[in-house]
Amino acid sequence: MISDKLQDAINNQINAELFSEFYYLSMAAYLSSEGLDGFENFFIVQAQEEHTHAMKLYHFLNERGGRVMLQKIDAPKTDFDSPVEVFKLALEHEQHVTSLINQLMDTAIEEKDHAARSFLNWFVDEQVEEEATMDTLLSKLKLINGEGQGLLMMDKELAARTFTDETA
Ligand code: MG
């Protein structure tokens, strides 16, 4: 059995992952409205990934005899100034999620739940990748000043991203 405290913390993380899905889908919609279909594709795939993160937590909690209790998902920001702003916010968001995962790990340690610690290691590692991805793309965008031929080349590059369920 899982402790009530850890159950609550995992339920909160499920909410955070589902919010991430909404947030990235909102970014995708903005980028689509700007005619940047490759950037849109990148964030649709990112949103799909976030859904699998929520489901990974969902299945773990069920498996451990806990109870999944879904919460209200906040409305994401819908207006953005530029692709550069989108990637700045995406990087900030991943840094925030990393701090949430770290707090969740702290709770698993406090609760002496070794199975949860082992399970959460996957998320700790995943966050390193998530931050690096957003950071790299933000740097690239800044190099091309977020415009012109460079932006179109990046758009073409990001059109190639495909979804694979890394939690499977
Ligand atoms: Mg995530």
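Located above this text is the structure these notes cover.
Note on numbering: residues in each chain are counted from 1, in written sequence order. Residue-level local features of this predicted model are given only where pLDDT is at least 70; pairs of side-chain atoms are given and counted only at 80 or more, and the full residue set underlies all totals for whole chains, interfaces and linings. Only heavy atoms go into the side-chain values, all of them from the structure, while hydrogens and water stay out.

**Student:** Explain the overall build of the chain residue by residue, including any values.
**Tutor:** Strands are runs of DSSP state E lasting at least 2 residues, helices are runs of H or I lasting at least 4, and numbering of each runs from the N terminus. Across its full length, the chain holds five helices and zero strands. Computation of the radius of gyration draws on C-alpha atoms, with the globule rule given as 2.2 Å multiplied by the number of residues to the power 0.38. Relative to its length of 168 residues, the chain is compact, with a C-alpha radius of gyration of 17 Å against a globular reference of 15 Å. Looking at the chain as a whole, 48% of its 168 residues qualify as buried. Element-wise, carbon and sulfur atoms account for 51% of the exposed surface of the chain, whose accessible area totals about 8,800 Å². Exposure is judged per residue with a 1.4 Å probe applied to protein chains only, and the accessible area is read against the type maximum: over 50% gives exposed, under 20% gives buried, and values in between give partly exposed. Here, Shrake-Rupley sampling with a 1.4 Å probe gives the accessible areas, and only protein chains in the shown set may cover a residue.

**Student:** Just give me the short version of empty space enclosed by the protein, but keep the residues and values in it.
**Tutor:** Two kinds of site are reported from a 1 Å grid over the protein atoms alone, namely cavities, where a 1.4 Å probe fits but cannot get out, and pockets, open sets with protein on both sides within 12 Å along at least five of seven lines, and residues are called lining when an atom falls within 4 Å of a point. Grid points are joined across faces, edges and corners, and a volume is the space filled by probe spheres set on the points. Scanning the model with the defined rule gives one cavity of 30 Å³ or more in all. Volume-wise, the largest cavity comes out at about 30 Å³. In terms of lining, the largest cavity is formed by N11, I14, N15, L18, M69, L70 and Q71. Ten residues, namely Ala, Val, Leu, Ile, Met, Phe, Trp, Tyr, Cys and Pro, are considered nonpolar, four, namely Asp, Glu, Lys and Arg, are considered charged, and the remaining ones, Gly among them, are considered polar. Residue classes in the lining of the largest cavity are distributed as four nonpolar, three polar and no charged.

**Student:** If you had to explain the nonpolar core to someone new, which residues and values would you point to?
**Tutor:** The nonpolar core is taken to be a set of buried Ala, Val, Leu, Ile, Met, Phe, Trp, Tyr and Cys residues, with the residues joined through side-chain atoms within 4.5 Å. Ranked by size, the top nonpolar core spans 26 residues in total, and within it M27, F39, F43, F87 and M134 carry the most contacts. Those elements that place two or more of their residues in this core are α1 (4–33), α2 (37–63), α3 (83–110), α4 (114–143) and α5 (148–158). In terms of residue count, α1 provides more of this core than any other element does, seven residues in total. Among residues more than four places away in sequence, those in contact with F43 are Y24, M27, A28, L31, V86, F87, A90 and M134. Any two residues having at least one pair of non-hydrogen atoms within 4.5 Å are treated as being in contact.

**Student:** Break down α4 for me, citing the residues and quoting the values.
**Tutor:** Here α4 contains 30 residues, and its C-alpha end-to-end distance of 44 Å stays within 8% of the 44 Å for a straight helix at 1.5 Å per residue. Three or more residues of α4 are buried, namely A116, F119, L120, F123, E126, Q127, E130, M134, L137, L138 and L141. Buried residues belonging to α4 abut α1, α2, α3 and α5. Looking one or two residues beyond α4, the residue adopting positive phi is N145, at roughly 55°. Multiplying 1.5 Å by the helix residue count minus one yields the expected span of that helix.

**Student:** Can you break down the coordination of the magnesium ion residue by residue, with the values?
**Tutor:** For Na, K and Ca the donor cutoff is 3.2 Å, while for all other metals N, O and S atoms must lie within 2.8 Å; water is not among the atoms, so some sites may look incomplete. Distances from the magnesium ion to its protein donors, namely E17 (OE), E50 (OE) and H53 (ND1), fall within the range 2.1 to 2.2 Å. Counting residues between consecutive donors of the magnesium ion along the chain gives the motif E-x32-E-x2-H. In this pair, E50 and H53 both sit in helix α2, three residues apart, roughly one turn of the helix. Residue E50 shares its accessibility class with H53, and that shared class is buried.

**Student:** Let's hear about α1: which residues, and what values?
**Tutor:** Relative to the 44 Å expected for 30 residues at 1.5 Å per residue, α1 spans 44 Å between its end C-alpha atoms, a close match to the ideal helical length. Downstream of α1 by one or two residues, G35 has phi in the positive range, about 80°.

**Student:** So what's going on with the environment of F163? Which residues, and what values?
**Tutor:** Among the secondary structure elements, F163 is positioned in the segment after α5. Taking C-alpha positions, F163 is 5.4 Å from V45, a pair spaced 118 residues apart along the chain.

**Student:** I'd like a rundown of the packing of aromatic side chains, residues and numbers included.
**Tutor:** The pairing test for Phe, Tyr and Trp rings, Trp by its six-membered ring, is centres within 6.5 Å, and the orientation test on the planes gives stacked under 30 degrees, edge-to-face over 60, and tilted for anything in between. Within this structure, the stated rule accounts for 11 aromatic pairs. Ring geometry for Y23 against Y24: centres 6.2 Å apart, planes inclined by 15°, an arrangement best described as stacked. Look at Y23 and you get buried, because its relative accessible area is 9%. Between F43 and F87 the ring centres are 5.1 Å apart and the planes differ by 55°, which places this aromatic pair in the tilted class. With a gap of 44 residues between them, F43 in helix α2 and F87 in helix α3 connect regions that are remote in the sequence. These aromatic residues form a ring-pair network of at least three members: F19, Y23, Y24, F39, F42, F43 and F87. For the cation-ring pair, K77 lies above F80, with the distance from its terminal atom to the ring centre recorded as 5.5 Å. For R161, the ring lying beneath its charged end belongs to F42, and the centroid distance is 4.5 Å. Here, a charge over a ring is recorded when the distance from Lys NZ or Arg CZ to the ring centre is within 6 Å and its angle to the ring normal is within 35 degrees.

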